[in-house]
Amino acid sequence: MTTPNISARRTLGACAALVVGALTLTACGGSANAKDDEKNGKGGKGGTKTSVARIAISAKDGSTGASINSTGVKVSDGKLTDVKMTVAGTDQTVAGSVSADGEVWKPKEQLERGTKYQISATAKDADGKTAAANSIFTTVTTSNSFIGTYTPDNGTTVGVGMPVSFTFDKAITERKDVQSHITVTSSSGQKVVGHWFNGQRLDFRPQEYWKAGSKVTMKIDLDGVEGANGVFGVQKKTVTFTVGRSQVSTVDANTQTMTVVRDGKTLKSVPISAGDAQHTTYNGQMVISEKFVQTRMNSRTVGLGGEYDIPDVPHAMRLTTSGTFLHGNYWYNKGNPPFGRQGTSHGCVGLADVRGAGGDTPAKWFYDNSLIGDVVIVKNSPDKTVAPDNGLNGWNMAWSQWVAGSAS
């Protein structure tokens, strides 16, 4: 999963528009009266002129709520000769660079939220005349901004069931505006629609699973977008990911087997152990959202009693937020029928494994052959169908319902 870097995984600027800061300063003083200047030799041919270079600092002097993403310096009719940016009141310098044409300066790193900065810039025009500008401003604060943690990450390869999923750190009331500033497109040409599960979660998916091998591009343009009263977005980024081969595995609770199908061909049928009569496994289409070579599982964290606390569950793959996993099982009671005969778990899907996640086992095979975003379908369980928002499982919602939950 991705968390904001937030590199994601992922925050950018807020509400400042590009405005001119303190503009050009003359190289030397002059009278407000043009005729007086001419008499004093300050105008006309051979007279001293002010610079025609005009410097614009995107964050206005004295402003608050400035962008942490797009703050910079531009010059017209001239070239930048020096730009210095510091955290105001300190000697802490913000590194930056000037473009090859000498007309734009940008910080190398994203600015911090809720921080006061100072920029001083100088430039020269074609005649060598100098202009200067400066600005002291404060970036948008955490309390007045929102970010979205999203998945999948940039540059990843995922399974055909992987939705684009945003979880915002504040409730969004202006859902239409926010959704309209996130676009998700696929090289396959599939139509992609967003769906709000609540004020803080927005997922995108096509009507059917992604086409294998397609490239998906997500453009986040939330910088300065008002998501709620006085709360603005700080993200501006393009994310791309690749959809890998198609793998859909079907768990049949009646036969206690899992059939793994890749690109339309059956790879293997694997014996499993689903939930027992008291702790049944959800039915429905579930997407692998996390993978752990080993992880701890404690029954108390999923609302049960002290039934189990296993520190080293091998080859664990998360299917729901509420705690359903497909995982290896090395503690299977030898007095029970073998895997493939009886459900004995507390709702997870277990595969034969060994302690330490080593060896050549069904669980290791499936783990090694699975991607985040692969689909696992459970059928013939006495339980209900998993809720669409319990994990990345929106495929369990009819397309008409999905579209109805869009704010666009």
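Values in this document were obtained by computation on a predicted structure and should not be read as measured data. (Residues numbered from 1 in each chain as written. Predicted model: local features only at pLDDT ≥ 70, side-chain atom pairs only at ≥ 80, totals over all residues. Heavy atoms only, no water.)

Novice: So what about the overall build of the protein? Which residues, and what values?
Specialist: When helices and strands are tallied, the protein shows four helices and 27 strands. Here the protein, with 408 residues, has 47% of them falling under the buried criterion. When the accessible surface of the protein is split by element, carbon and sulfur atoms take 48% of a total near 19,000 Å². (Helix = DSSP H or I, 4+ residues; strand = E, 2+ residues; numbered from the N terminus. Buried < 20%, exposed > 50% of the residue type's maximum accessible area, 1.4 Å probe, protein only. Areas by Shrake-Rupley, 256 points an atom, 1.4 Å probe, with all protein chains shown as cover.)

Novice: Tell me about unusual backbone geometry, residues and numbers included.
Specialist: Cis rather than trans, the peptide bond between threonine 151 and proline 152 has omega equal to 5 degrees. The phi dihedral of aspartate 77 falls on the positive side, at around 60 degrees, and the residue is not glycine. Of the residues examined, aspartate 77 reaches a relative accessible area of 55% and is grouped as exposed.

Novice: Give a detailed account of the sheet that holds strand β21 (residues 265–271), specifying residues and quantitative values.
Specialist: A sheet is described by the order of its strands in space; here five strands give the open sequence β21-β20-β19-β27-β22, paired in mixed fashion. Lying at the two open borders of the sheet, with one neighbouring strand each, are β21 and β22 (284–287). For this sheet, the mean inter-axis angle between neighbouring strands, taken without regard to orientation, is 20 degrees. Relative to strand β27 (residues 375–379), strand β19 (residues 247–252) runs parallel, the two sharing five bridges. For valine 248, the partnering residue across the bridge sits in β27 and is valine 375. (Pairing = 2+ DSSP bridges. Axes fitted to C-alpha atoms, helices over the stretch in contact; angles between N-to-C directions.)

Novice: Requested: an account of the pattern of salt bridges, with residues and values cited.
Specialist: In this structure the tally under the stated criterion is seven salt bridges. Taking the shortest distance from any N to any O, the salt bridge between glutamate 290 and arginine 318 comes out at 2.7 Å. With glutamate 290 in strand β23 (residues 290–298) and arginine 318 in strand β24 (residues 309–318), the pair connects residues that are 28 residues apart, well separated along the chain. Its salt-bridge partner being aspartate 312, residue arginine 355 comes within 2.8 Å of it at the nearest N-O pair. Note that arginine 355 is positioned in the loop between β26 (349–352) and α3 (362–368) and aspartate 312 in strand β24, a separation of 43 residues in sequence. (Salt bridge = Lys/Arg side-chain N within 4 Å of Asp/Glu carboxyl O.)

Novice: Tell me what's going on with the confidence of the model for the protein, and back it up with residues and numbers.
Specialist: On average, residues of the protein score 88 in pLDDT, and 86% of them are at 70 or above. Confidence drops under a pLDDT of 50 for residues 1–46, and excluding neighbours within four residues, the segment shows 119 contacts in the predicted structure. (pLDDT = per-residue confidence, 0-100. Contact = heavy atoms within 4.5 Å.)

Novice: Could you give an account of the pairing of strand β15 (residues 215–221), with specific residues and numbers?
Specialist: Along β15, the buried face is formed by Val216, Met218 and Ile220; none of Lys215, Thr217, Lys219 and Asp221, which line the opposite face, is buried. Pairing of strand β12 (residues 182–186) with β15 involves five bridges; the strand directions are antiparallel. If you follow threonine 183 over to β15, its bridge partner there is lysine 219. Where β15 and strand β18 (residues 236–243) come together, seven bridges link them in antiparallel fashion. Paired with lysine 219 across the strands is threonine 238, a residue of β18.

Novice: Describe the nonpolar core, with residues and values.
Specialist: Note on soluble globular proteins: their nonpolar side chains tend to be buried together. With 30 residues, the main nonpolar core has Phe166, Phe168 and Met218 as its most contacted residues. Counting only elements with at least two residues in this core, the list comes to β11 (164–168), β12, β13 (192–198), β14 (201–206), β15 and β18. The residues touching methionine 218, leaving out its near neighbours within four places in the chain, are Tyr150, Val164, Phe166, Ile182, Thr183, Val184, Lys237, Thr238 and Val239. The next biggest cluster of nonpolar side chains, apart from the first, holds 25 residues, and it includes Val87, Trp105, Tyr117 and Ala121. (Core = buried A, V, L, I, M, F, W, Y, C linked by side-chain atoms within 4.5 Å.)

Novice: Please set out the packing of aromatic side chains residue by residue, giving values where relevant.
Specialist: Within the structure shown, the criterion is met by ten aromatic pairs. What links up through ring pairs into an aromatic cluster is the set Phe146, Tyr150, Phe166, Phe168 and Trp196. Against the face of tryptophan 402 rests arginine 205, its NZ or CZ located 4.5 Å from the ring centre. A cation over an aromatic ring shows up here: lysine 291 above the ring of tyrosine 367, its NZ or CZ 4.2 Å from the ring centre. (Phe/Tyr/Trp six-rings, centres within 6.5 Å; stacked < 30°, edge-to-face > 60°. Lys NZ or Arg CZ within 6 Å of the ring centre and 35° of its normal.)

Novice: Which residues make up the environment of leucine 319, and what values go with them?
Specialist: Tracing the backbone through its elements, the reader meets leucine 319 in the loop between β24 and β25 (325–329). With residues up to four places along the chain from it excluded, the contact list for leucine 319 reads Met286, Val287, Ile288, Thr324, Phe325, Leu326, Val376, Asn390 and Asn393.

Novice: Describe the sheet that holds β15, and please don't skip the residues or the numbers.
Specialist: One open sheet holds the four strands; their spatial order is β10-β18-β15-β12, and the pairing between them is mixed. Pairing within the sheet leaves two strands with one partner each, and these edge strands are β10 (157–158) and β12. Alignment of β10 against β18, held across two bridges, turns out to be parallel. Looking at β18, one finds that valine 158 is bridged to valine 243.

Novice: Before we move on, can you summarise the side chain of serine 58 with the specific residues and values?
Specialist: Topologically, serine 58 is positioned in the loop between β1 (54–57) and β2 (73–76). Judged by its relative accessible area of 9%, serine 58 is buried. Polar contacts involving the side chain of serine 58 include one to the main-chain carbonyl oxygen of serine 70, which spans 3.5 Å. Within polar-contact distance, the side chain of serine 58 engages the backbone nitrogen of glycine 72 at 2.8 Å. (Polar contact = N/O pair within 3.5 Å; in protein donor to acceptor, adjacent residues only side chain to side chain.)

Novice: Give me the lowdown on the environment of glycine 148, citing residues and values where you can.
Specialist: Looking at the secondary structure, you find glycine 148 in strand β9 (residues 148–151). On the accessibility criterion, glycine 148 (0% relative accessible area) is buried. Residues glycine 148 and glycine 233, spaced 85 residues apart in sequence, show a C-alpha to C-alpha distance of 8.7 Å.

Novice: Kindly report on the side chain of glutamine 256, identifying the contributing residues and their values.
Specialist: Structurally, glutamine 256 is set in the loop between β19 and β20 (257–262). Separated by 2.8 Å, the side chain of glutamine 256 and the backbone oxygen of alanine 253 make a polar contact. With residues near it in sequence (within four places) discarded, glutamine 256 still touches Val270, Pro271, Ile272, Ser273, Ala274, Gly340, Arg341, Gln342 and Gly343.

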